[in-house]
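# Results of the structural survey
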Amino acid sequence: MSTSNTVRHRKRAENYDSNQKNIIKQNGDVDSEFTTRESPLTVLIDTSPHIRALYHIFVVILLMLLFDTMIYDLVERGKINIGLNVIISGFGDIKRGALLWLFEFSVVLAFYPALRIYAAARKLFRKNTGVRDSLSKLGVIGLIAVEMVLIGVPIVDLGRRHLALASSAVVTCEMFRFLMKIHAVAIACAPYGENESPALPTFKHYIYFLFAPTLVYRDHYPRTKTIRWAFVLFHFLEVAAIILYNSFLWERFILPYWSDYGRQSKVEAGLVVRGMFACVLPGFISFLCGFYCVLHAWLNAFAEMLKFGDRLFYEEWWTTSRFSHYYRAWNRVVHSWLRDHIYKPLAPRAGRAISTFIVFFVSAVAHEIILALSFGFFYPVLLMEFGVFGLLMLPLTASSGRRFPNAFNLIMWLSFFFGNGKYYLLNRVFSFNRSY
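Given the structure is predicted, the values throughout are model-derived calculations rather than measurements.

## Some points on the overall build of the chain
Within the chain one finds 15 helices and 0 strands. Across the 436 residues that make up the chain, the buried fraction comes to 44%. At a minimum sequence separation of 6, the contacts of the chain that also span at least 24 residues come to 77%.

This is how it looks when you write it as structure tokens:
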């Protein structure tokens, strides 16, 4: 069985390699940032029977928990409750969320004709240096104005009236995704009209880039030949199952401890501490499910539908012993954008240390805006633990992590449990009590 899977994976890789050679023939050099490759977990599950067995174990655990809950509820209460109430509550007022998303998408669509007008003006006055410089300054001001409208309107709207947790998270994440997309396009097309300037994207390629699972703009990307619709359906089913699993964990293992928190006349510290530690594991599992859902299942499904060949959305961060590698490997999609559009422009002028700090600060602020608007309050535990503690751990684990990889990998996982697990838990608890 494992041999047939290995052969199948090799044939798929050979097809991707031949497709990549065709791209090189058509376009010359292919950017080193992008190449045809699968996601690490796809390769591991396809080629390793041990990893595939672990995947099956997680599925069986989910099924057993669901069966246990369904049978208990049916016998004791006469009805079944598997977390659907949390899903319905989390995606509440979905119409308002859809309208906010449509506003964001409309702004991004309107940016394209503005880009064409800017490029036409630069081309018209390409021999007039003074006018061209003025157009460049006007273009920067226009880009900033579009970005401010794109993020300002949703922030004001969500700040005035809270939207349900999941709906708000989608709106805010899409807000920043669109912002990074148009910024990448603007930077790539800024030199248009000069010698050896880049070509402007066609509207079709612009739309493709808006939905492609990358934030780094290129004129072309490695593409696959066919769409495996069974592969797409499987990953979308995984997304649905993970959403259900998260809601189930929340409703069965967290709410029983915290549904009445803040409503009692007296709160005992012992019960609070015990409840926190009892819910760290479900909170951390929820964190891992979020990673798998978004950075693996969701992005792979979209990559397959769009024939996007580069599936390296993350690296093997779970084996790392250095915080620097974790921050690079955890989310390569966002990391690549931060590297190209913040770190690289700043490093020659401000130095590596200050540039790294600015990257962490910008990333932390964006994450906290998303979380604050989604949960309805500002609670910067993640900012302190990873924006401060994590930043301090960069130099501390740079050499020690190489010398003692096993020990520091253990420390990394402890920080994941107590950091992400408690953060997920406390934010959801407070948001639940705020809503109900």
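We are not done yet, so read on.
## Focus on the environment of arginine 328
In this fold, arginine 328 is placed in helix α11 (residues 323-330). Under the relative-accessibility criterion, arginine 328 is labelled partly exposed at 37%. Measuring from C-alpha to C-alpha, the distance between arginine 328 and tryptophan 317 comes to 8.4 Å, with 11 residues separating the pair along the chain.

## Some remarks on the pattern of salt bridges
Tallying each qualifying case throughout the model produces 10 salt bridges. For the salt bridge of aspartate 310 with arginine 37, the shortest nitrogen-to-oxygen distance reads 2.8 Å. Here arginine 37 lies in the loop between α1 (2-27) and α2 (40-47) and aspartate 310 lies in the loop between α10 (269-305) and α11, a separation of 273 residues in the sequence. Accessibility expressed as a relative area gives 4% for aspartate 310, which makes it buried. On the accessibility criterion, arginine 37 (24% relative accessible area) is partly exposed. The salt bridge involving glutamate 38 is made with arginine 228; its shortest N-O contact spans 3.8 Å. Within this pair, whereas glutamate 38 is found in the loop between α1 and α2, its partner arginine 228 is found in the loop between α8 (203-211) and α9 (229-258), the two being separated by 190 residues in sequence. Looking at arginine 228, the relative accessible area reads 21%, which means it is partly exposed.

Calculation rules
- Residues numbered from 1 in each chain as written.
- Predicted model: local features only at pLDDT ≥ 70, side-chain atom pairs only at ≥ 80, totals over all residues.
- Heavy atoms only, no water.
- Helix = DSSP H or I, 4+ residues; strand = E, 2+ residues; numbered from the N terminus.
- Buried < 20%, exposed > 50% of the residue type's maximum accessible area, 1.4 Å probe, protein only.
- Contact = heavy atoms within 4.5 Å.
- Salt bridge = Lys/Arg side-chain N within 4 Å of Asp/Glu carboxyl O.

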